[in-house]
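# Structure assessment
Residues per chain are reported as follows:
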Amino acid sequence: MHKKERIFDNTEIAFSLKNDSELERAYFLFKMISIEPLVRIGTAATNFAIKANLPIEGLIRSTVFDHFCGGVSENDCLPVIEKMFNKGVSSVLDYSVEGKEDEMEFEGAVKTILKIIDFAKDIEAMPIAVFKPTGFGRLGLYKKIGRKENLTKLEQDEWNNVIRRFDIICERAKKNDVAVLIDAEESWMQNAADELVTMMMEKYNTEKPIVFNTLQMYRHDRLEFLKNEHNRAIAKGYFIGYKLVRGAYLEKENERAKVKGYKSPICKNKLATDNNFNEGLRYVIKNIDRISLFAGTHNEESSYLLMDLMKNNGLKNNDSRVWLGQLYGMSDHISFNLANDGYNVAKYIPFGPVKDVMPYLIRRAEENTSVAGQTGRELSLLKKEKKRRKLLN
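Quick look at the structure, then. (Residues numbered from 1 in each chain as written. Predicted model: local features only at pLDDT ≥ 70, side-chain atom pairs only at ≥ 80, totals over all residues. Heavy atoms only, no water.)

The next point concerns the state of the cysteines. Note on terminology: a disulfide is the covalent bond linking the sulfur atoms of two cysteines. Under the definition given, this model contains zero disulfides. A disulfide-free cysteine, cysteine 69 has its sulfur positioned 8.5 Å from the sulfur of cysteine 77, the nearest such atom. A relative accessible area of 2% means that cysteine 69 is categorised as buried. On the accessibility criterion, cysteine 77 (0% relative accessible area) is buried. (Disulfide = S-S within 2.5 Å. Buried < 20%, exposed > 50% of the residue type's maximum accessible area, 1.4 Å probe, protein only.)

This paragraph deals with the pattern of salt bridges. All chains considered together, the criterion is met by 39 salt bridges. We note a salt bridge from arginine 40 to glutamate 36, for which the minimum N-O separation is 3.7 Å. You can see arginine 40 and its partner glutamate 36 sitting in helix α3 (residues 36-51), four residues apart, about one turn around the helix. Note on glutamate 36: relative accessible area 45%, which makes it partly exposed. A salt bridge links glutamate 207 to lysine 174; the nearest nitrogen and oxygen atoms lie 3.3 Å apart. Note that glutamate 207 is positioned in the loop between α9 (187-204) and β4 (211-216) and lysine 174 in helix α8 (residues 153-176), a separation of 33 residues in sequence. Among the residues examined, lysine 174 registers a relative accessible area of 27% and is labelled partly exposed. When salt bridges that share partners are traced, they join Glu12, Asp20, Glu385, Arg388 and Arg389 into one network. (Salt bridge = Lys/Arg side-chain N within 4 Å of Asp/Glu carboxyl O. Helix = DSSP H or I, 4+ residues; strand = E, 2+ residues; numbered from the N terminus.)

This part takes up unusual backbone geometry. Of note, the phi angle at lysine 148 is positive, near 60°, even though the residue is not glycine. Look at lysine 148 and you get exposed, because its relative accessible area is 58%. Here the phi dihedral of aspartate 177 falls at roughly 55°; this positive angle occurs in a residue that is not glycine. One can find aspartate 177 in the loop between α8 and β3 (179-182).

So, about the pairing of strand β8 (residues 345-351). Counting buried positions along β8 yields seven of seven residues, so the element is predominantly enclosed. Relative to β8, strand β1 (residues 89-95) is paired through seven bridges, and the arrangement is parallel. Along β8, the bridge assignment pairs aspartate 94 with proline 350. Examined bridge by bridge, strand β7 (residues 322-327) and β8 share four bridges and lie parallel to one another. (Pairing = 2+ DSSP bridges.)

So, on to the environment of asparagine 86. Following the sequence through the fold, asparagine 86 ends up in the loop between α5 (74-85) and β1. The class for asparagine 86 is exposed, based on a relative accessible area of 67%. The spatial distance from the C-alpha of asparagine 86 to the C-alpha of leucine 17 is 9.7 Å, given a sequence separation of 69 residues.

Across the six residues that make up β7, a large majority, six, are buried. The alternating pattern of β7 places Val322, Leu324 and Gln326 on one face and Trp323, Gly325 and Leu327 on the opposite face, and all of these are buried. Pairing of strand β6 (residues 291-296) with β7 involves four bridges; the strand directions are parallel. Bridge pairing links phenylalanine 294 to tryptophan 323 in β7. Regarding topology, helix α13 (residues 300-312) serves as the crossover connection from β6 to the parallel β7, and that connection is right-handed. (Right-handed = clockwise from strand over helix to strand, strands pointing away.)

Quick look at the sheet that holds β1 now. Hydrogen bonds between backbone groups are what pair the strands of a sheet, and the pairing can be parallel or antiparallel. The sheet built from eight strands closes into a barrel, its strands ordered β1-β2-β3-β4-β5-β6-β7-β8 with parallel pairing. Taking each pair of neighbouring strands and ignoring which way they run, the sheet shows an average axis angle of 30°. Note that strand β2 (residues 128-131) and β3 share four bridges and pair parallel. When the sheet's bridge partners are listed, alanine 129 is paired in β3 with valine 180. (Axes fitted to C-alpha atoms, helices over the stretch in contact; angles between N-to-C directions.)

In short, shape yes, function no, at least from these values alone.
Written out as structure tokens, the structure reads:
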């Protein structure tokens, strides 16, 4: 067990940005999230209140929103960005508005992402931008293209618009030297998104990776996909970047496979997913001259493994080709302790109008409830830090 083995236990570094009342709020929130029936009731009540236009935004804003989100606009997030960067943690501003359906809203999303990329150009603390494929086009359209179905004239025009939107963003990212991560979504829309991102990588990753795709390693086919993409990039002479995550649509994926009677794309259990994720890390680090990595993980073991892989392959902690990322409001013990040791770390900071960000927040709460041990670990660390501060006083 090397000395780094337990760096994530340091709660003084982990929660150095939280004052006592923020620490109490975090403890209260994770305590609530740990009670599954409460999350279910809370979710239903919140959805109802929003649909019925009840005045609950203030309550949401001062509790769950402020804990998991940076603000309602980019400028609103600046104090959070600056505060974290003082501790060596960068920010990825994530415009967390999802599930839109019309062209006006897609064009609006493009404007917002362009604004973030321009914003990031002048702010050292924001080296990376991000967007969701369904922020720029309809889910049904991706689905149809992924299945190689014939498009109507109208749908073809619509798809050309999606390609144009991707292109505008990637071109601006390259011009501003800001990396852009493109999120992965449900497997039934992902084939079309993958092809589009590969096209953008080939076009814009000529000197180094600017455009990054996302691989959800709970899918058993993703390691093979990574290897094929790597071979393609070598053959065609461009670079690739991947954000590796475990994945966020587990129940949805398995349920759909069962209902529609096909083999689920998801690994058979948590262990298989962990192994797949870790194999992905090994493969990327082994091929780091061609592939850059953004490891999006809240898993301590995978983080320790990546630290070891870097060390054993002679990479410096701050090698520009390797980033680790966690979500804002979660796993501060990983983010801040890694940054303290000189690694490149970025927090995903969701922002947007309270009402529009609710689907994201609800997913966060449900995810925390379903990931075994995640909430318990957060609670025990918060408790430890409360105790440490009490003894100091």
